[in-house]
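Here is what each chain is made of, one letter per residue.
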Amino acid sequence: MHRGKSDSVSIFSSLPEDVVLKIASLLQVRDLCALGCCSRFWRELCFSDCIWESLVRNRWPLLSSFHFPSSSTLPHSPNVKKWRKLYLDRHVELGVRARSVVKFVEACSRSESLEVGDHLKAVDTLIGTSFGFEDVQRFLFDPRTNVLINLVGVYYCLTILGIRGDNLIETLRTHEISDRRVCVKWWKVGRWFYGFRMRDETHSRWVSLADLATEDDEHVLGVLRRGTIHEVLRVQISVVGRTSTHWSQRWE
């Protein structure tokens, strides 16, 4: 048994380096780490920066080059571990940031409704730490959490990561949140008519997360993006099907 394992390592070590690297690069992070624990040969290969640099750049495409290890500071060795350490450190950091976003949204939506300003603050936290698509899926697309948290993730994917259409819808279905719905309601200043200002206008729209991902006219998405501006007095997002305080009773 031991000899068979040694023979398999010998076979792989005899392959061209680019072929072995290609094999390792096709693995998921968890499988890559597990393979790296099998032998010294695989540890040196699977933990090398030539693989982990690609993992970092693919997972966090918005990450500034300021965060990347400088090539001038890296030792001239194929097995330095700075990229792997960066990956693991960021994974832990973003988990902590995601939990803070979840707690913030939960605290701001005690009555199952969320003001658009708080929604955008949660999104700004994701922007500030350059969340990637995998992070959003892992931390914000949990069907057991409040749909308002799911919405923050969907909005971030649409407006910041530029992910929409079939790709996003399939992901929402995989996480079983595509049919979850919210109601977006906004108040607009009444129009002027022959010197008189009309009554303020109230608009509302029920939308599922899947609908939002394919919104052609981007009406609701535009309301969420703009928030409260000079002609929009207030925007509020409510959980559909839940008992909540009447809209008109929540002015602060």
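No experiment lies behind these values; they were computed from the predicted model shown. The numbers attached to residues start from 1 for each chain and follow its sequence in the written order. Side-chain atom pairs in this predicted model are given and counted only at pLDDT of 80 or more, local residue features only at pLDDT of at least 70, and totals for whole chains, interfaces and linings cover all residues. Each side-chain value is derived from all of the structure's non-hydrogen atoms; neither hydrogens nor water enter the calculation.

A look at the overall build of the chain
Then comes step 1: Labels follow the DSSP assignment, with helices taken as runs of H or I lasting at least four residues and strands as runs of E lasting at least two, numbered in each case from the N terminus. Within the chain one finds 12 helices and 6 strands.
Then comes step 2: Whether two residues are in contact is decided by their heavy atoms, any of which lying within 4.5 Å being enough. Here the analysis covers contacts within the chain between residues at least 6 apart in sequence; of these, 68% occur between residues at least 24 apart.
Then comes step 3: With an accessible surface of roughly 14700 Å², the chain has 52% of that area assigned to carbon and sulfur atoms. Throughout, the Shrake-Rupley method with a 1.4 Å probe supplies accessible areas, and for residues the shown protein chains are the sole cover considered.

Considerations on the nonpolar core
Then comes step 1: Judged by nonpolar contacts, the single largest core of 64 residues is most densely connected at F141, L168 and V184.
Then comes step 2: For this core, the leading source of residues is helix α9 (residues 147–161), giving 11 residues.
Then comes step 3: Those residues in contact with L168, other than ones at most four positions away along the chain, are F133, F141, V154, C157, L158, I163 and A213. What is meant by a nonpolar core is a set of buried Ala, Val, Leu, Ile, Met, Phe, Trp, Tyr and Cys residues, joined one to another through side-chain atoms within 4.5 Å. Three exposure classes are used, based on accessible area relative to the maximum for each residue type with a 1.4 Å probe and protein chains only: buried under 20%, partly exposed in between, and exposed over 50%.

Focus on the packing of aromatic side chains
Then comes step 1: The pairing test for Phe, Tyr and Trp rings, Trp by its six-membered ring, is centres within 6.5 Å, and the orientation test on the planes gives stacked under 30 degrees, edge-to-face over 60, and tilted for anything in between. A full pass over the atoms with the stated rule returns 2 aromatic pairs.
Then comes step 2: Pairing W52 with Y87 gives two aromatic rings, centres 5.2 Å apart and planes at 70°, and the pair type is edge-to-face. Of this pair, W52 sits in helix α5 (residues 49–59) while Y87 sits in helix α6 (residues 82–108); the two residues are 35 residues apart in sequence, bridging distant segments of the chain.
Then comes step 3: Relative accessible area serves as the criterion here: at 0%, W52 is assigned to the buried category.
Then comes step 4: Ring centres of W60 and Y87 lie 5.2 Å apart, and the angle between their planes is 50°; on these two criteria the pair is classed as tilted. Residue W60 is found in the loop between α5 and α6, and its partner Y87 is found in helix α6; the two are separated by 27 residues along the sequence.
Then comes step 5: Accessibility expressed as a relative area gives 4% for Y87, which makes it buried.
Then comes step 6: Grouped by ring-pair contacts, the aromatic residues W52, W60 and Y87 constitute a single cluster.
Then comes step 7: In our convention, an over-ring charge means Lys NZ or Arg CZ found within 6 Å of a ring centre and within 35 degrees of that ring's normal. Of note, R84 hangs over the ring of F47, and the distance from its end group to the ring centre comes to 4.0 Å.
Then comes step 8: Stacked on the ring of W60, the Lys or Arg R90 has its end atom at 4.7 Å from the ring centre.

What about α6?
Then comes step 1: In this model α6 runs 39 Å from its N-terminal to its C-terminal C-alpha over 27 residues, within 8% of the 39 Å that 1.5 Å per residue would give.
Then comes step 2: Within α6, burial applies to W83, L86, Y87, R90, L94, G95, A98, V101, V102 and V105. Working rule for helices: expected span equals 1.5 Å times residues minus one.

With respect to the pattern of salt bridges
Side chains that carry opposite charge are capable of pairing whenever their charged atoms lie near each other.
Then comes step 1: By convention in these notes, a salt bridge is any Lys or Arg side-chain nitrogen within 4 Å of a carboxyl oxygen on Asp or Glu. The full count for this structure, using the stated rule, is 7 salt bridges.
Then comes step 2: Between D135 and R59 there is a salt bridge, and its shortest N-O distance comes to 2.5 Å. A residue pair is termed long-range when its members are at least 10 positions apart, and D135 in helix α8 (residues 133–140) and R59 in helix α5 qualify at 76 residues.
Then comes step 3: A residue is classified by how much of its surface remains accessible, and D135, at 0% relative accessible area, is buried.

Quick notes on the sheet that holds strand β6 (residues 232–239)
Then comes step 1: Two strands pair if DSSP finds at least two bridges between them. One open sheet holds the 4 strands; their spatial order is β1-β6-β2-β5, and the pairing between them is antiparallel. Sheet topology places β1 (113–115) and β5 (201–208) at the edges, where each strand pairs with a single neighbour. Going across the sheet, the axis of each strand differs from the next one's by a mean of 20°, ignoring polarity.
Then comes step 2: Note that strand β2 (residues 181–188) and β6 share 7 bridges and pair antiparallel. Among the inter-strand pairings, C183 is bridged to a residue of β6, identified as S238. Orientation is described by axes fitted as lines to C-alpha atoms, over the contacting stretch for helices, and by angles from 0 to 180 degrees between their N-to-C directions.

Take it as geometry only, folks, not as evidence of what the structure does.
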